[in-house]
Amino acid sequence: MKKININFELNNEGWNLDVEPSDTLLEAVRDKMGVKSPKIACDRGDCGACTVLLDNKAVRSCLILAAEIDGHKITTVEGLCPQEPTPLQKHFARNNAFQCGFCAPGMILAAHELLQNNQKPSREEVQEAISGNLCRCTGYEKIIECMVNPDLKSGEDK
Ligand code: FES
Ligand code: FES
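All figures in this text were calculated on a predicted structure; none of them were measured in a lab. All chains use their own residue numbering, which begins from 1 and follows the written sequence. Whichever chain is written first is A, and whichever ligand is written first is 1; the rest continue in order. Residues qualify for local features only when their pLDDT is at least 70, as the model is predicted, and side-chain atom pairs are given and counted only at 80 or more; totals for whole chains, interfaces and linings, by contrast, use all residues.

Here's the deal with the overall build of the protein chain
At step 1: Secondary structure elements are defined from DSSP: runs of H or I of at least 4 residues count as helices, runs of E of at least 2 residues count as strands, and each element is numbered from the N terminus. In terms of helices and strands, the protein chain carries 6 helices and 5 strands.
At step 2: From first element to last, N terminus to C terminus, the protein chain shows the α and β order β-β-α-β-β-β-α-α-α-α-α.
At step 3: Looking at the protein chain as a whole, 35% of its 158 residues qualify as buried.
At step 4: Residues are defined as contacting one another if the C-beta atoms placed from their backbone atoms lie within 7 Å. In the protein chain, 60% of the contacts between residues at least 6 apart in sequence involve partners at least 24 apart. Counting other C-beta atoms within 10 Å of a residue's C-beta gives its exposure: the residue is buried at 20 or more, exposed at 12 or fewer, and partly exposed in between, where C-beta atoms are placed from the backbone.

Spelled out as structure tokens, the structure:
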């Protein structure tokens, strides 16, 4: 089948890529660009492990065709702050919000999208924001606490 040529930005770097019409964004990011933080899990939109930001909006990359991202901007956790973890990531780490960490990249991007627009979210708003991101280890409580009290100004907890 004829390949499709796309131009887009991944983590603030311009890319030009030939993709198959059936390639998903998740396959393109992991297999063609070597960025492995979006995880392959359910591969059908149920778990959120493959979450990336598409033009700053959290989406499930297993549900999007790579051909659809022509002209768009994709961000993974690697692109949030390339030199070091963001204050939000440090906050999650200090508060032991994750255990195995499999859900962490997707959860952090869902949190990032919410906190960009709302720095003091309610518990209900947090629950809604991460409702598409499954975590099999933590019971969600520490993740929710971190997002309700993000304390991102100094990057330090009180
Ligand atoms: S792998 Fe995409 S939602 Fe589960
Ligand atoms: S910390 Fe293990 S899946 Fe969330």
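A few points about the environment of Ala97
At step 1: Structurally, Ala97 is set in the loop between α3 (87–94) and α4 (104–117).
At step 2: For Ala97, a count of 24 C-beta atoms within 10 Å translates into the label buried.
At step 3: Along the backbone, Ala97 and Cys137 are 40 residues apart, and their C-alpha atoms lie at a distance of 10 Å.
At step 4: Those residues in contact with Ala97 that lie beyond four places of it in its chain are Phe92, Thr138, Lys142, Ile143 and Cys146.

So, the sheet that holds strand β3 (residues 51–54)
Two pairing modes exist for strands in a sheet, parallel and antiparallel, and in both the strands are linked by backbone hydrogen bonds.
At step 1: Any two strands are treated as partners once DSSP identifies two or more bridges connecting them. Strands sit in the order β2-β1-β5-β3-β4 across an open sheet of 5 strands; the sheet is mixed. Edge strands, defined here as strands with exactly one partner in the open sheet, are β2 (13–19) and β4 (57–60). Strand after strand, the sheet turns through a mean of 40° between neighbouring axes, direction not considered.
At step 2: Relative to strand β5 (residues 73–75), β3 runs antiparallel, the two sharing 2 bridges. Considered in β5, the bridge of Leu53 is made with Thr75.
At step 3: Contacts between α4 and the sheet are confined to β3 and β4, with β3 contributing the most and set at about 35° to the helix. Interaxial angle, 0 to 180 degrees, is taken between N-to-C directions of lines fitted to C-alpha atoms, where a helix line uses only the stretch in contact.

Let's talk about the domain arrangement of the protein chain
At step 1: Here the bounds of each domain stem from an automatic or database domain assignment. Segmenting the protein chain into domains produces domain 1 (4–79) and domain 2 (87–148).
At step 2: Averaged C-alpha coordinates put domain 1 and domain 2 at centres separated by 21 Å.
At step 3: Domain 1 puts 15 residues into the contact, and the matching count from domain 2 is 12 residues.
At step 4: With 3 residues, the top contributor of residues to the side of domain 1 that touches domain 2 is β3.
At step 5: Each residue gets one label: Ala, Val, Leu, Ile, Met, Phe, Trp, Tyr, Cys and Pro are nonpolar, Asp, Glu, Lys and Arg are charged, and the others, such as Gly, are polar. Here the side of domain 1 that touches domain 2 is built from residues that sort into 8 nonpolar, 5 polar and 2 charged.

Quick notes on α3
At step 1: Taken together, the buried positions of α3 are occupied by Leu88, Gln89, His91 and Phe92. Seen along its axis, α3 keeps its buried residues to an arc of 160°; they face one direction.
At step 2: Immediately downstream of α3, the backbone of Asn96 shows phi near 50°, a positive value. What the arc describes is the spread of directions from the helix axis to the C-beta atoms.

A look at the nonpolar core
At step 1: Among the nonpolar cores identified, the biggest contains 38 residues, and Leu25, Met107 and Ile108 are the most heavily contacted of them.
At step 2: Of all elements in the fold, only β1 (4–10), α1 (25–32), β3, β4, α3, α4, α5 (123–129) and α6 (141–148) reach the threshold of two or more residues within this core.
At step 3: Structurally, this core is a two-domain feature, drawing no fewer than three residues from each of domain 1 (4–79) and domain 2 (87–148).
At step 4: Apart from residues no more than four positions distant in its own chain, Met107 is found in contact with Ile130, Asn133, Cys135 and Ile143. Buried Ala, Val, Leu, Ile, Met, Phe, Trp, Tyr and Cys residues form a nonpolar core when they are connected through C-beta atoms within 7 Å.

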